[in-house]
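Tertiary structure, described
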Amino acid sequence: MLWNTLQLALRSIRRNLMRSFLTILGIVIGVAAVITMVTLGNGATKSVSDQIASMGSNLLMVLPGQRFGPGAVPGAPFKSADVEAVRNQITGVRLVAPVVNKSATAVYQANNWTTAITGSSNDYFEAGNWEIAAGRGFSEAEERSGKAVCVIGDTVRDKLFGRQNPVGSQIRIKQFSCEVIGLLKAKGQSSMGSDQDDVVVMPLRTVQRRLSGNQDIGRLSISVKEGASIDAAKDQLTLLLRERRKIGENEDDDFRVMDTRQIAETLTSTTRILTMLLGAVAAVSLLVGGIGIMNIMLVSVTERTREIGIRLAIGALEREVLLQFLIEAVVLSSLGGLIGIVIATTASIFLAGLMNVPYLFDPGINLLSFFFSAAIGVIFGFFPARRAAGLNPIDALRHE
Amino acid sequence: MSDAALIRLSGITKTYGSGQAAFQALKGIDLVIDTGDFVAIMGPSGSGKSTAMNILGCLDVATSGSYEFEGVKVEQLSRNARALLRRNYLGFVFQGFNLLSRTTALENVELPLIYRGEPAAERHAAARAALKQVGLDGWEHHTPAELSGGQQQRVAIARAIVTRPHVLLADEPTGNLDSHTSQEIMNLISGFNRELGITVLMVTHEPEMAAYAKRVIRFVDGRVESDRRNGEDA
Ligand SMILES: Nc1ncnc2c1ncn2[C@@H]1O[C@H](COP(=O)(O)OP(=O)(O)OP(=O)(O)O)[C@@H](O)[C@H]1O
Ligand SMILES: [Mg+2]
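Residue positions are counted from 1 within each chain, in the order its sequence is given. Written order determines the labels here, with chains lettered from A and ligands numbered from 1. Where totals are concerned, whole chains, interfaces and linings use all residues; where local detail is concerned, this predicted model gives features only for residues with pLDDT of at least 70, and gives and counts side-chain atom pairs only at 80 or more. Side-chain measures here rest on the full set of heavy atoms in the structure, leaving out hydrogens and waters.

1. Points about the site of ligand 1
Selection rule: Here, proximity means that at least one heavy atom of the residue falls within 4 Å of the molecule or strand. Here a polar contact means two N or O atoms within 3.5 Å. Within protein one must be a hydrogen donor candidate and the other an acceptor candidate, and residues neighboring in sequence count only if both atoms are side-chain atoms. Here the open area of atoms and residues is found with the Shrake-Rupley method and a 1.4 Å probe, where only the protein chains shown may cover a residue. Put simply, DSSP H or I for four residues or longer makes a helix, DSSP E for two residues or longer makes a strand, and each gets a number counted from the N terminus. Any residue that is not Ala, Val, Leu, Ile, Met, Phe, Trp, Tyr, Cys, Pro, Asp, Glu, Lys or Arg is counted as polar, Gly included; the first ten are nonpolar and the last four charged.
Close to ligand 1 lie 14 residues; Ser45(B), Gly46(B), Lys49(B), Ser50(B) and Thr51(B) are nearest. Nearby residues around ligand 1 are contributed by chains A and B. Lys49(B) is positioned such that a nitrogen or oxygen atom in its side chain is 2.7 Å from an oxygen atom of ligand 1. A distance of 2.5 Å separates an oxygen atom of ligand 1 from a polar side-chain atom of Thr51(B). Relative to its free-state accessible area of 630 Å², ligand 1 is covered by the protein chains to the extent of 65%. Going through the elements one at a time, strand S2 (23-34) and helix H1 (49-56) of chain B are the ones with two or more residues in the shell around ligand 1. In terms of residue count, H1(B) provides more of the shell around ligand 1 than any other element does, 3 residues in total. Class assignment for the residues of the shell around ligand 1 results in 4 nonpolar, 7 polar and 3 charged.

2. Observations concerning empty space enclosed by the protein
Residue and element names in this part refer to chain A. Put simply, the rule reads: Put plainly, a pocket is an open set of points on a 1 Å grid over the protein atoms alone with protein on both sides within 12 Å along at least five of seven lines, a cavity is a set where a 1.4 Å probe fits but cannot get out, and a lining residue has an atom within 4 Å of a point. Grid points are joined across faces, edges and corners, and a volume is the space filled by probe spheres set on the points.
Evaluation of the coordinates by the stated rule reveals 5 cavities of 30 Å³ or more. Along the walls of the largest cavity sit Ser-12, Ile-13, Arg-19, Ser-20, Thr-23, Met-297, Arg-304, Phe-325, Glu-328, Ala-329, Leu-332 and Gly-381, which together make up its complete lining. When residues of the lining of the largest cavity are traced back to their parent elements, those giving at least two are helix H1 (2-15), helix H2 (17-54) and helix H11 (318-355). Here the element with the most residues in the lining of the largest cavity is H11; it accounts for 4 residues. Its residues placed into classes, the lining of the largest cavity shows 5 nonpolar, 4 polar and 3 charged.

3. Digging into unusual backbone geometry
Stated formally: Burial classes follow relative accessibility: with a 1.4 Å probe on protein chains only, a residue under 20% of its type's maximum area counts as buried, one over 50% as exposed, and anything between as partly exposed.
Of note, the phi angle at Lys174(A) is positive, near 50°, even though the residue is not glycine. Mapped onto the fold, Lys174(A) is located in the loop between strand S6 (170-173) and strand S7 (176-184). For Lys174(A), a relative accessible area of 44% translates into the label partly exposed. Notably, Arg102(B) is not glycine yet its phi reads approximately 55°, a positive angle. Counting through the fold element by element, Arg102(B) comes out in the loop between strand S6 (90-94) and helix H3 (105-115). Residue class for Arg102(B) comes out partly exposed when judged on its relative accessible area of 39%.

4. Some thoughts on the sheet that holds strand S8 (residues 199-203) of chain B
Residue and element names in this part refer to chain B. We apply this condition: By definition, two strands form a pair when at least two bridges between them are found by DSSP. Working convention: axes come from line fits to C-alpha atoms, limited for helices to the stretch in contact. Angles between N-to-C directions cover 0 to 180 degrees.
Read from one edge to the other, the open sheet built from 6 strands follows the order S6-S7-S8-S3-S9-S10, with strand pairing classed as mixed. Strand pairing shows two members of the sheet lacking a second neighbour, S6 and strand S10 (223-229), which therefore form its edges. The sheet shows a mean angle of 15° between the axes of neighbouring strands, direction not considered. The pairing of strand S7 (residues 167-171) with S8 spans 5 bridges and is classified as parallel. Bridging from a neighbouring strand, Leu-169 pairs with Leu-201 of S8.

5. Quick notes on the interface of chain B and chain A
Stated precisely, the cut-off is as follows: Contact definition: two residues touch when any of their heavy atoms are within 4.5 Å. Using a 1.4 Å probe, buried area is obtained as the accessible area two parts lose upon being combined, added over both of them. A carboxyl oxygen of Asp or Glu within 4 Å of a side-chain nitrogen of Lys or Arg is what we treat as a salt bridge.
Listed by partner, the interface residues are 27 residues for chain B and 30 residues for chain A. A per-residue breakdown of the area chain B buries against chain A is headed by Arg79(B), Arg102(B) and Tyr115(B), which together make up 26% of the total. Taken together, chain B and chain A are joined by 5 salt bridges. For Glu320(A), the salt bridge goes to Arg87(B), with nearest N and O atoms at 2.6 Å. Seen at the junction of chain B and chain A, the total is 14 residue pairs in polar contact (both at pLDDT 80 or more). Mapped by element, the contributors of at least two residues to the side of chain B that touches chain A are helix H2 (79-89), S6 and H3 of chain B. Counted by class, the side of chain B that touches chain A contains 12 nonpolar, 6 polar and 9 charged residues.

6. Overview of the domain arrangement of chain A
Selection rule: An automatic or database domain assignment supplies the residue ranges for each domain.
Entries for chain A in the domain assignment read domain 1 (2-51 + 265-397) and domain 2 (76-253). Between the C-alpha centres of domain 1 of chain A and domain 2 of chain A the distance comes to 54 Å.

7. Side note on the pairing of S6(B)
All names here are of chain B. Burial runs high along S6: 5 of the 5 residues are buried. Of the two faces of S6, the one carrying Leu-90, Phe-92 and Phe-94 and the one carrying Gly-91 and Val-93 are both buried. Sheet topology note: the S6/S7 ladder contains 5 bridges and is parallel. Note on S7: the bridge partner recorded for Leu-90 is Val-167.

In structure tokens form, the structure reads like this:
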């Protein structure tokens, strides 16, 4: 009986290709959309966390102020003395890189490019996992005297020099000219969409003197020694800074110490929310697909009811008719689900390549979409049939 | 006249709807039909002919009364048992053909055999033979849309007789056909009655078609008004 019924169901699908195709289409689109969105979202999340992991798990970032947005507590910027204190008083510290950021336009011959100017020290390259592709980093004398030298990122090289080797050339930033002494190895786009190679790094003192005009330090990048406790370093750091910044017993910190894990969590939680949003939008399309199926099923219900009447009249049992329709519904919607998965996989791999995020196969969402589509097929394909198969044969035959 | 009573109806009534809207389409039908008979049921529109046929064909159930088919009380059968009775003993031909659309003639004729669980090879052979019997060899792979009304009705007849049913029930089988085609269909039906001994119950409005039958029953207003054998005086 099962084999016969399976044959009947497959025949019926083959005979009604257009109806079958339309039935499948809604599911294909819905399933493909959901899986693609979620897969890409997962990829983006992974890429963010990978990138942060590549910064090293032993990195601490200290920023003035607490919280963003409403309720934010402003905090005074750091000073060079803070850097020294951290370097000397916290155990387990490998390097401390003071960082100041300023936006400015760099000019070389007829080309100009507005970019982020970072003032720091050689430690900055090491803490940030930067490699020098050509030329060199800063010498101690250059750092101490605040000489007008810079190391540029690959994007800046591209905008100002094209394919040319920039090392040894002079670029102009605001009113001073500055010798390019090094070129950073390209890192590529960050997963948040910003271009990491769009930087010009100068000695801290150079930026303070010539661009910001004060002694302020925007943030500290601290690399903790391999094997040393990050949490211990954080605690010490907090105590030290509270003392140096004269924060009272009952007052809140006016600075933040973040480690890479926290930064990763902040960033990945953003992409995760984005993934959920995209997934929700796609889920709506799956639902619309389901409604489409219901529509087609309802339109064809007159024809199908008469068909059921004919089958019952020539001696089919109710359960045989039901089984046939169940098989039809399950085959169609699973087929739709499978095609959707194939399309989603292809699209995800392609789009992941385009967006520069890793492709991660997520079995959960694939299974979920597949079973959801099967359920939709069964509900919308099978239940109208169940009603018809319960009729007296003559009522089913007479159905208008 | 045959010896065995194939069908025995006593006091069959059928009421459609309920309460205020209730309508009694059959008001007590008593009828005995013997194996091998060819019965034409006539009567004015609305007299309950189709209602009676549907009950006889186990497509519908009577409101009251008793229906014995080959000694079995049909009203005591379950839904499934009635389906099996249709599958194994009855064949239907309808006014509107009722073929599966987009389905070839061969597959339509095979359908009852599939439900009987016949192996594919035998099924094909039997379906081909049945189509040949109704004069449709060469048309096996045409769908209803590609066949004339007369040809569609032949496919329906082939589907009805392919299982060698004991009874063939036909409700206005020529109702949608011209008179020439109708004659051909009637020749086929009476041929199956004569040669295969299939008992035929047929509703018709046309005296020319009723003339093929051995026995003519007239319904009026939900009752049997007259019941005579062809050849006897009216
Ligand atoms: N499903 C139904 N619901 C309600 N009333 C019905 C139903 N089927 C038939 N009737 C009524 O029962 C009566 C008998 O109908 P039936 O179809 O048996 O007549 P008939 O003799 O076959 O007529 P015709 O020659 O026009 O086919 C009619 O008055 C009809 O309106
Ligand atoms: Mg009628």
